[in-house]
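Commentary on secondary and tertiary structure
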Amino acid sequence: MENQAIIVIDESEPENEITEIGEANGEASRHSQDLGAGNQSEEEEEDAHGRELDYYMDLIESRLEDRRNGSRGERRSSSVCIFPIPNTIPVINYRAEKPEIVSIGPYHRGIAPLTDFEEYKWIFLERFVSRGYSLRFYLDKMMELEGDTRCCYSRDLSWMSKKDFVEMMLLDTCFVVELLRHIGNSGDSSAEEEDDPIFTMPLLIPPLIRDLLKLENQLPFFVLEFFFDCSKGEREMKTFQGLAFKVFDLALPRSRDDILRFLNADAKHLLDLFHKSLLPPKRVMKTDRPRPADQPIQCVTQLMSSGIKFKSRTSECFLDIKYKNRELQIPSITINDFTSTVLINCVAWEQCHEESSSYFIDYISFMNCLINQSADVAFLCSDGIISEFSQDYHYVTTLFKQLGKSSGFKVRDCYLSEEIREIEAYYSSNWATLKRVYFSTPWSFISVFSAFVLILLTMVQTIMSVWSYQRQFG
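For the structure on display, the rule yields 18 salt bridges. Two residues, Lys98 and Glu216, come together in a salt bridge whose shortest N-O distance is 3.0 Å. Here the residue Lys98 occupies a position in the loop between helix H2 (94-97) and helix H3 (118-129), and Glu216 occupies one in the loop between helix H7 (205-211) and helix H8 (221-231), the gap between them amounting to 118 residues. Taking the relative accessible area as the measure of exposure, Lys98 reaches 19% and is therefore buried. Notably, a salt bridge pairs Arg210 with Glu100, separated by 2.9 Å at the nearest N-O pair. Highlighted residues: Arg210 in helix H7 and Glu100 in the loop between H2 and H3, separated in sequence by 110 residues. Residue class for Arg210 comes out buried when judged on its relative accessible area of 10%. Connected through shared salt-bridge partners, Glu100, Arg210, Asp211 and Lys214 make up one network.

Quick look at the structure:
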């Protein structure tokens with residue numbers, strides 16, 4: 001027993017070795033997993049980038065397609081013809097530029113307090129539909145005209161869905177046509193007038209007529225004309241133009257002969273129709289005469305001091321200005337809310353639409369030259385050119401000055417270039433200069449007369465002295 005050997009097997013080292021080997025294999029496995037995860041995250045990032053790229057690619061291609069469709073729509077449509085008031089025109093009279101009672105079209109849709117009137121449009125829609133064709137018929141036609149109608153607006157209307165746009169156009173078109181019928185036939189006896197939302201509030205009619213003539217509140221004329229033709233009765237006006245002029249005549253009365261030639265006129269919208277009816281007859285430019293200088297003419301006070309007289313001229317068109325024998329003949333005009341609306345929006349229309357004439361721009365610029373201060377307005381009022389029913393002198397001065405500055409006066413090319421040339425020729429003549437310098441005021445006339453008398457007495461004295469000398473020593 002004593003010599004028996006005890007053998008102790010030490011298993012700790014192999015266990016440690018096995019543990020170390022296991023840990024090493026674990027680290028290798030985790031490292032490979034980390035590498036796999038890294039490769040996987042990179043692939044996911046690439047996939048996400050690809051999906052994002054595809055999304056933006058689809059978006060850009062969709063917008064390009066919309067633009068191509070829009071271009072085709074513009075070619076089908078007449079042209080863009082409904083614009084916002086340009087920024088070049090300062091805010092002279094907010095009520096003359098923006099809708100006062102009702103929003104028509106997309107530019108002011110949903111803006112308070114214009115939304116208060118929206119409920120009345122549904123009443124007029126019911127009356128319009130009761131005249132003949134069904135609501136489904138008009139809705140179907142409006143859906144057909146939706147593309148061409150959108151192209152008439154200069155602003156991007158992609159924010160409006162087809163459903164909202166068609167509903168708005170149907171509601172507004174029926175409202176405008178039916179409103180013109182109601183106002184135009186206001187003298188006729190009708191059982192509907194007792195519950196009518198317009199005739200129970202007659203003070204609304206003037207601002208409603210003004211709202212129909214604001215550039216930002218227009219509807220394409222071909223839509224209005226189509227809906228009128230589909231719904232007109234046997235006893236109604238034959239054309240939509242005739243109905244419109246019948247209503248506008250309440251705000252600016254004119255003779256029937258004056259508007260007879262516009263009963264079948266082509267127009268972009270109601271403002272364009274009214275604008276065309278106010279233009280004077282075309283004048284033949286005389287090319288053999290020198291054209292006027294680029295400088296505008298002088299104001300009323302300076303022209304009067306030079307011997308030019310001002311006279312109110314009877315004419316159906318207040319743009320029809322004449323100059324003859326040192327007399328400037330200008331048709332009378334009343335500057336009120338309606339004429340302010342017409343002047344501002346017609347100038348805006350001519351600035352925005354390239355195909356339009358520039359008669360209103362030329363007229364405003366010419367009047368801007370004549371009116372330099374309130375005293376000039378006072379002289380024009382005393383001569384009957386600006387009606388006594390107009391607003392105060394300061395407002396009239398501000399209207400023509402502010403609107404004239406934004407217009408840009410092309411003196412050589414305007415329709416009044418012949419009158420301007422003749423006024424310039426007289427104003428720079430010796431006789432006009434003599435009157436302006438020596439006879440412009442009573443005091444200057446007295447001074448000149450006194451000097452003349454003094455010279456005359458001196459000459460008489462000299463003659464008498466010579467005559468007395470010759471008699472004494474002759």
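Our focus in this paragraph is the nonpolar core. Ranked by internal contacts, the top residues of the largest apolar core, which has 118 residues, are Phe310, Leu328, Phe360, Tyr363 and Leu370. Examining the composition of this core, we find that 13 residues originate from one element, helix H6 (residues 162-184), more than from any other. Look past the residues within four positions of Tyr363 in its chain and what remains in contact with it is Phe318, Leu319, Ile321, Ile333, Leu343, Phe400 and Tyr415.

The next thing to look at is unusual backbone geometry. The omega angle of the peptide bond from Ala112 to Pro113 is 0°, so this bond is cis rather than trans. On the secondary structure map, Pro113 appears in the loop between H2 and H3. A positive phi angle, near 50°, is found at Asn325, a position not held by glycine. Secondary-structure assignment places Asn325 in the loop between strand S2 (322-324) and strand S3 (327-331). By relative accessible area, which is 69% here, Asn325 ends up exposed. Despite not being glycine, Arg326 has its phi angle at roughly 60°, a positive value.

Right, let's get into the environment of Tyr323. Position of Tyr323 relative to the elements: it lies in strand S2. On a C-alpha basis, the gap between Tyr323 and Ile423 in space is 7.8 Å, while along the polypeptide they are 100 residues apart.

A separate point is the sheet that holds S2. In spatial order, the strands read S1-S3-S2; together these three strands make up an open sheet with mixed pairing. In this open sheet, the two strands that pair with only one neighbour each are strand S1 (309-313) and S2. Neighbouring strand axes in the sheet, compared pairwise and without regard to direction, differ in orientation by 25° on average.

As a further point, take a nonpolar patch on the surface. Taken together, the side chains of Leu456, Val460, Met464 and Trp467 define a hydrophobic patch exposed on the protein surface, amounting to about 390 Å² of accessible area. Taking relative accessible area as the criterion, Val460 reaches 40% and is therefore assigned partly exposed.

What follows concerns the side chain of Arg150. Structurally, Arg150 is set in helix H5 (residues 146-150). Beyond its immediate stretch of four places on either side in the chain, Arg150 contacts Leu157, Ser158, Met160, Ser161, Lys162 and Phe165.

Turning our attention to the environment of Cys299. Relative to the helices and strands, Cys299 resides in the loop between helix H11 (270-277) and helix H12 (300-305). For the pair Cys299 and Met367, spaced 68 residues apart in sequence, the C-alpha to C-alpha distance is 8.8 Å. When residues no more than four places from it in sequence are discounted, the contact partners of Cys299 are Cys369, Leu370, Asn372 and Asp376.

Rules behind the numbers
- Each chain has its residues counted from 1, running along the sequence as written.
- Per-residue local features are limited, in this predicted model, to residues with pLDDT of at least 70; the limit for side-chain atom pairs, both in listing and counting, is 80 or more; totals at the level of whole chains, interfaces and linings are taken over all residues.
- As a rule here, side-chain values come from all non-hydrogen atoms in the structure, and water together with hydrogens is ignored.
- Salt bridges, as used here, are contacts in which a Lys or Arg side-chain nitrogen is within 4 Å of a carboxyl oxygen on Asp or Glu.
- The numbering of helices and of strands both runs from the N terminus, where a helix is a DSSP run of H or I of at least 4 residues and a strand a run of E of at least 2.
- Each residue's exposure class comes from its accessible area (1.4 Å probe, protein chains only) as a fraction of the maximum for that residue type: buried when under 20%, exposed when over 50%, partly exposed otherwise.
- Nonpolar cores were defined as sets of buried Ala, Val, Leu, Ile, Met, Phe, Trp, Tyr and Cys residues, with membership established by side-chain atoms within 4.5 Å.
- Note on contacts: a residue pair qualifies if any of its non-hydrogen atoms lie within 4.5 Å across the two residues.
- When DSSP finds two or more bridges between a pair of strands, those strands are recorded as paired.
- Between N-to-C directions, angles span 0 to 180 degrees; the directions come from axes that are lines fitted to C-alpha atoms, helices contributing only their stretch in contact.
- Patch definition: residues with relative accessible area over 30% and no salt bridge; like charges joined within 9 Å; nonpolar side chains (Val, Leu, Ile, Met, Phe, Trp, Tyr) joined within 5 Å.
- Computed by Shrake-Rupley with a 1.4 Å probe, the accessible areas treat only the displayed protein chains as cover when residues are assessed.

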